[in-house]
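Chain residues, written in single-letter form:
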Amino acid sequence: MAVELVKPVETFVLIAIIILGGSFGDILLSRGMKQVGEIDSLNFRVLLSLGKRVITNLFVISGIACMAVAFFSLLTVLSWAPISLVSPATALSYAVNTIGAKYFLNEEINKGRLIGTLLVCLGVAFLVI
Amino acid sequence: MKLLPLIVIAVFTVSLGDALLTRGMKQVALFMDSFNPSQATGLSYYLVSLVGSINPNWASYGAWPAVTVTNINFLLGLSLQMTFFILFLTLLSRADLSYVLPVTSFSYILTAILAMLMLQEEISGRRWFGILLICFGVLLVARGESRTDKKNISNNEVIEGITNGS
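Quick caveat: nothing in here was measured; it's all calculated off a predicted structure. (Residues numbered from 1 in each chain as written. Chains lettered and ligands numbered in written order. Predicted model: local features only at pLDDT ≥ 70, side-chain atom pairs only at ≥ 80, totals over all residues.)

Considerations on the overall build of chain B
Right, so step 1: The secondary structure content of chain B amounts to eight helices and zero strands.
Right, so step 2: If you list the helices and strands of chain B from N to C, you get α-α-α-α-α-α-α-α.
Right, so step 3: Considering chain B as a whole, with its 166 residues, one finds that 36% of them fall into the buried category.
Right, so step 4: In chain B, of all internal contacts separated by at least 6 residues, the share reaching a separation of at least 24 is 72%. (Helix = DSSP H or I, 4+ residues; strand = E, 2+ residues; numbered from the N terminus. Buried ≥ 20, exposed ≤ 12 C-beta atoms within 10 Å, placed from the backbone. Contact = placed C-beta atoms within 7 Å.)

Section: the interface of chain A and chain B
Right, so step 1: Opposite the 34 residues of chain A that make contact, chain B presents 33 residues.
Right, so step 2: Contributions of two or more residues to the side of chain A that touches chain B are made by α1 (8–36), α5 (88–104) and α6 (111–128) of chain A.
Right, so step 3: Here the side of chain A that touches chain B takes twelve residues from α6 of chain A, the largest share from any one element.
Right, so step 4: Among the residues making up the side of chain A that touches chain B, the classes are represented as 17 nonpolar, ten polar and seven charged. (Nonpolar A, V, L, I, M, F, W, Y, C, P; charged D, E, K, R; others polar.)

Thoughts on helix α3 (residues 58–78) of chain A
All names here are of chain A.
Right, so step 1: Here α3 spans 30 Å end to end across 21 residues, near enough to the 30 Å set by a 1.5 Å rise per residue.
Right, so step 2: Of the residues making up α3, those classed as buried are Val 60, Gly 63, Cys 66, Ala 70, Ser 73, Leu 74 and Val 77. The buried residues of α3 occupy one face: seen down the axis, they fall within an arc of 145 degrees. Away from the buried face of α3 by more than 90 degrees, exposed residues Leu 58, Ala 68 and Leu 75 are located.
Right, so step 3: In this structure, the buried side of α3 is in contact with α1, α2 (44–55) and α4 (83–86). (Expected span 1.5 Å × (residues − 1). Arc of directions from axis to C-beta.)

Points about unusual backbone geometry
Right, so step 1: Despite not being glycine, Asn 106 of chain A has its phi angle at roughly 55 degrees, a positive value.
Right, so step 2: Mapped onto the elements of the fold, Asn 106 of chain A is located in the loop between α5 and α6.
Right, so step 3: A positive phi angle is found at Gln 120 of chain B, which is not glycine, with a value near 55 degrees.
Right, so step 4: Checked against the element boundaries, Gln 120 of chain B lands in the loop between α6 (107–118) and α7 (125–143).

Let's talk about the environment of Leu 29 of chain A
Right, so step 1: As for its position among the elements, Leu 29 of chain A is in helix α1.
Right, so step 2: C-alpha of Leu 29 of chain A to C-alpha of Ser 62 of chain A: the two residues are 33 residues apart in sequence and 7.9 Å apart in space.
Right, so step 3: Dropping the residues within four chain positions of it, Leu 29 of chain A is found in contact with Val 60 and Gly 63 of chain A together with Leu 89 and Leu 92 of chain B.

Written out as structure tokens, the structure reads:
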């Protein structure tokens with residue numbers, strides 16, 4: 001690439017934190033929400049008690065914390081690195097998420113889901129590069 | 001409520017939220033370009049004098065937060081983003097993560113279309129190609145099952161699991 005990167009090591013580490021923090025956050029949120037149980041009611045009192053269970057769930061809280069770390073890393077890295085380098089990271093996180101979902105959440109990744117996710121990954125990269 | 005309408009509402013919410021946030025922040029930037037600290041009133045006046053007392057050269061930056069949180073597009077965009085997060089959690093409670101994420105990425109497409117209509121942004125050929133790839137990807141994922149353990153986990157079992165500490 002013609003453009004010289006200012007802090008290559010810091011940039012690499014922070015992008016890794018953005019991807020891993022975001023994905024790990026999603027995985028924790030997913031795990032927490034499966035514990036809370038299906039939100040399938042429009043009854044106000046049921047929703048209220050479910051909401052209370054959501055915000056007191058340890059997985060959900062840790063998930064939000066992970067996403068906050070990823071978000072502040074993003075703000076930091078954007079202070080010196082170009083957005084066209086950083087935002088393809090959002091595309092890569094689809095792949096990391098799917099791998100994480102398979103191993104941490106025991107989700108079954110069939111062929112359609114795998115190819116579909118890779119296409120989304122590639123498509124997002126085309127959008128942001 | 002079925003899964004599909006929930007996904008559609010979530011996608012619309014986050015796309016419109018993104019577009020409104022962008023419009024709001026651009027308005028804020030435009031306003032700040034021609035902003036004169038001596039003309040500040042209300043909350044802006046208070047913040048401008050506060051920041052100005054630290055360093056007079058920074059005075060005009062004091063108005064940033066006040067101008068931002070009083071911008072109607074910013075406020076609407078922010079509320080839509082918060083609504084999306086609640087809808088996203090609801091989706092996660094009912095479907096696999098590896099299903100929800102690719103399927104809600106349909107919002108990239110809607111955001112591009114809204115950016116074209118509301119923000120007069122131009123979309124290059126390469127971006128349309130990316131959009132096409134995302135469309136195919138979403139269709140492939142959405143065609144399959146939405147949840148791996150549909151039969152194994154019921155609400156009661158989960159609650160039992162929590163109370164048993166497992």
